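Now for the letters of each chain:
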Amino acid sequence: LILALLAPPPTPCALMPLSQRIFLRGANPRNGSRRLSCSRSSSISVDGSPLSPSASRTANVVVIGAGWWSQGWHLPHLHRNERARISAIVDSSPHPKSNLNPKLETLSSLAKKYRANIYPSVDELLKSQDGHEMDGAIICTPHSTHFNIAVQLIQEGKRRFDESSQAGHRPMNILIEKPITTNVGQARELHRLILERSEAEKCASAGLIGGGVGCFQINHSANFRPQAKAAREIVESGKLGEIQHVSASFSSPLSWIFDDPAMVPWNEPDPKDSEMLGNGFAWGQQSHLVSWIYHVVGKDLEPDRVFCGMTHSEKTGADVSHSSTVLCKNGAVLSLSGTSLLPGNAHSDPPVGKRVEIKIYGSKGSLVYAG
């Protein structure tokens, strides 16, 4: 099941073989350590090799959804990125609203601020020149809307490929927020669509994922941190042996959201989505933990049976705590727990952050990632 994004910010990652313990620490600006960064003047691909001049040009990026997360995160970061241009912003409301930030800007204000065109729907975007010329899109809309928008963009990528010559083809790159969808069937369908590839595509470009899509990612930002990369390399090296058990917990200071009846999108299933089962901490936060585990450990931990217990808010009905046991087909066992009951607030002074601890046990050693 592909369900996640953004893991919490753990700092130390430690490998504990049977005879020794090796600590792998990343830069932590809070304690004055050197900050890891990339030079804007260099053009480097994901694998570290130099990009070609065409690959390093400015990308036309469309942001779909102009709510709290887009205005506070995606739009400002894209605006600061010299290799990105915000070509369009899509939202059905001329003035998005959010209890998390009552001072959200109107679409007309965002248009002036980022010099971007505004569209009320993805349909209108795809009819426009901006839609034809976009290199990628970020889907940052309510959870239950992710699937239909992603299908539209994948189909746009396929249309481009079918109608253009190989030389003129512009792949559609997609970044989607978590959770990827609100039911398993939709997640499986998106997975099928992005892997589907015609014989013509196979011959034309080995770099295409499928359907004319150049890249399809869920926003798992913590999976790209140096510590996560080190943890994955350790597991892949075989130093831990066969993975037999994973114990993981994730806590966040989010009672102020999940106990607030006004936070409907966070706490109640979407009435338009008949297959969405519940809402709350597991949807919005535990997906981070699951994403990190499967990114680091890999596909060998295929679930066979799952047992889970949850507690819910008396005010909203949202799940606020849970504990689950996952029995995998290879015999490994996952023990996962999460809660929003950590005291404090991420926006208080001083802020209280998320807490994560992941322990991976193998036949030869173990690894701990915590912070």
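The shown structure was predicted, so the numbers you read here are calculated from the model rather than taken from an experiment. (Residues numbered from 1 in each chain as written. Predicted model: local features only at pLDDT ≥ 70, side-chain atom pairs only at ≥ 80, totals over all residues. Heavy atoms only, no water.)

A.B. asks: Help me out: how do you make sense of the overall build of the protein in this one?
C.D. replies: Across its full length, the protein holds eleven helices and 14 strands. Across the protein, the fraction of contacts at a sequence separation of at least 24, relative to all contacts at a separation of at least 6, is 70%. About 19,300 Å² of surface is accessible on the protein, with carbon and sulfur atoms providing 54% of the total. (Helix = DSSP H or I, 4+ residues; strand = E, 2+ residues; numbered from the N terminus. Contact = heavy atoms within 4.5 Å. Areas by Shrake-Rupley, 256 points an atom, 1.4 Å probe, with all protein chains shown as cover.)

A.B. asks: Where do I start with the nonpolar core in this structure?
C.D. replies: The tendency in soluble globular proteins is for nonpolar side chains to be buried side by side. Counting residues in each nonpolar core, the largest one holds 33 residues, and the members touching the most others are I243, V246, W292, I293, L301, I358 and I360. Counting residues per element, this core draws most heavily on helix α11 (residues 281-297), at six residues. Beyond its immediate sequence surroundings of up to four residues, I243 is in contact with V235, V297, L301, N330, A332, I360, Y361 and G362. With 28 residues, the next largest nonpolar core counts V122, I139, F147 and I218 among its residues. (Core = buried A, V, L, I, M, F, W, Y, C linked by side-chain atoms within 4.5 Å. Buried < 20%, exposed > 50% of the residue type's maximum accessible area, 1.4 Å probe, protein only.)

A.B. asks: Mind showing me how you'd approach the pattern of salt bridges here?
C.D. replies: Pairing between side chains of opposite charge can happen when their charged atoms approach one another. Counted according to the given criterion, the structure contains twelve salt bridges. We note a salt bridge from E105 to K113, for which the minimum N-O separation is 2.9 Å. Residue E124 pairs with K127 through a salt bridge whose shortest N-O separation is 3.6 Å. With a gap of three residues between them, E124 and K127 both fall in helix α3 (residues 122-127), about one helical turn apart. Several salt bridges share partner residues, and in doing so they unite E156, R159, R160 and E163 into one network. (Salt bridge = Lys/Arg side-chain N within 4 Å of Asp/Glu carboxyl O.)

A.B. asks: I keep staring at the confidence of the model for the protein and nothing clicks. Help me out?
C.D. replies: In low-pLDDT regions, the fine details of the predicted coordinates are not to be read closely. Taken over all residues, the pLDDT of the protein has a mean of 81, while the share at 70 or more is 80%. Predicted confidence for residues 1-54 stays below pLDDT 50, and this span has 120 contacts to residues more than four positions away or in other chains. (pLDDT = per-residue confidence, 0-100.)

A.B. asks: Just to check I follow, could you spell out α11 for this structure?
C.D. replies: One turn of the α-helix equals 3.6 residues, which is why residues spaced by three or four share an orientation. In this model, α11 (17 residues) spans 23 Å end to end at C-alpha, consistent with the 24 Å of a helix rising 1.5 Å per residue. When the local axis directions of α11 are compared, the greatest deviation, roughly 35°, occurs at S287. Immediately downstream of α11, the backbone of G298 shows phi near 100°, a positive value. (Expected span 1.5 Å × (residues − 1). Bend = angle between axes of the 7 residues up to and from the residue.)

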